[in-house]
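# Understanding the architecture of this molecule
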Amino acid sequence: MTEINQRKADHPVHSIFLERWSPRAFTGEDIGKEELLALFEAARWAPSASNLQPWRFVYARRATDSFARLLGTLDEGNQRWAKMASALVIILSKTHRVTSSGEVRSAATHAFDTGAAWFALALQTQLAGWHAHAMAGIDREKAMQVLEVPEHHRVEAAVAIGKRAEPATLPDDLREREKPSQRKPIGEFVFEGRFGAD
């Protein structure tokens, strides 16, 4: 079985799944716009129900004026470490679609598809020698205002992208958590024939 980063897969999987994790310690080095756009190119090709592609990404590179604005939408706990990221990204999804007759309908899989796009971005980031850390800790209402998001969209998460720094650069409480996390065994979330948990 595959074993990397003190993680051990119970079934054969590609090593990238064990290599990918979400560090908090970043060097703060610049990421070029073209290099960042190449990460979004991977998200572009994610699977999408009816090819609606409901994902939306708003980004700011560290060296730009927009960085502080996006950083300010994060919870204070995330701001402590995300301020050293090379780029910040706010991920949104378009929650509704307009039919050919002009009717506005709910897009049932908007979050599902956007999650697939996020994971494509995360894997491409890993392959490109960077790291991505997704965060639920974001003030969604503030992000909607700051980013001037129109109706029928939802803020899903934020992402910090950067090169890994030494854990010693983090505050003490975060330094202890700066390692790849483990996962539940598949027997806790995969069931044959009928739902079997919770």
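The shown structure was predicted, so the numbers you read here are calculated from the model rather than taken from an experiment. (Residues numbered from 1 in each chain as written. Predicted model: local features only at pLDDT ≥ 70, side-chain atom pairs only at ≥ 80, totals over all residues. Heavy atoms only, no water.)

## Some remarks on a nonpolar patch on the surface
A contiguous nonpolar surface patch, about 240 Å² in accessible area, is contributed by V13, F17 and F119. Examined against the element boundaries, V13 turns out to sit in the loop between β2 (7-8) and α1 (16-19). Using a relative accessible area of 39% as the deciding quantity, one classes V13 as partly exposed. (Patch = residues over 30% accessible without salt bridge, like charges linked within 9 Å, V, L, I, M, F, W, Y side chains within 5 Å. Areas by Shrake-Rupley, 256 points an atom, 1.4 Å probe, with all protein chains shown as cover. Salt bridge = Lys/Arg side-chain N within 4 Å of Asp/Glu carboxyl O. Helix = DSSP H or I, 4+ residues; strand = E, 2+ residues; numbered from the N terminus. Buried < 20%, exposed > 50% of the residue type's maximum accessible area, 1.4 Å probe, protein only.)

## Quick word on the packing of aromatic side chains
Within a pair of aromatic rings, the relevant descriptors are the distance that separates the centres and the angle that separates the planes. Inspection of the entire model under this criterion finds 5 aromatic pairs. Between F40 and Y59, the aromatic rings sit 5.7 Å apart at their centres with planes inclined by 35 degrees, giving tilted as the arrangement. Separated by 19 residues along the polypeptide, F40 in helix α2 (residues 33-44) and Y59 in strand β3 (residues 55-61) bring together distant segments of the chain. For F40, a relative accessible area of 12% translates into the label buried. Through a chain of ring-to-ring contacts, three or more aromatic side chains come together here, namely F40, F57 and Y59. (Phe/Tyr/Trp six-rings, centres within 6.5 Å; stacked < 30°, edge-to-face > 60°.)

## A look at the pairing of strand β7 (residues 131-135)
Of all 5 residues that make up β7, 4 are buried, and the element is covered over most of its length. Where β7 meets strand β8 (residues 153-162), 5 bridges bridge the pair, whose relative direction is antiparallel. What sits directly across from A132, in β8, is I161. (Pairing = 2+ DSSP bridges.)

## Notes on the packing of α2 against helix α5 (residues 110-127)
Running from amino to carboxyl end, α2 crosses α5 at an angle of 140 degrees, the nearest separation of the two axes being 7 Å. Viewed along their axes, α2 and α5 adopt a mutual orientation that is oblique. Once α2 is placed against α5, the crossing between them reads as right-handed. Of the residues in α5, those in contact with A38, L39, F40, A42 and A43 of α2 are A117, A120, L121, Q124 and T125. (Axes fitted to C-alpha atoms, helices over the stretch in contact; angles between N-to-C directions. Parallel < 35°, antiparallel > 145°, perpendicular 65-115°, else oblique. Left-handed = near helix turned anticlockwise from the far one by under 90°. Contact = heavy atoms within 4.5 Å.)

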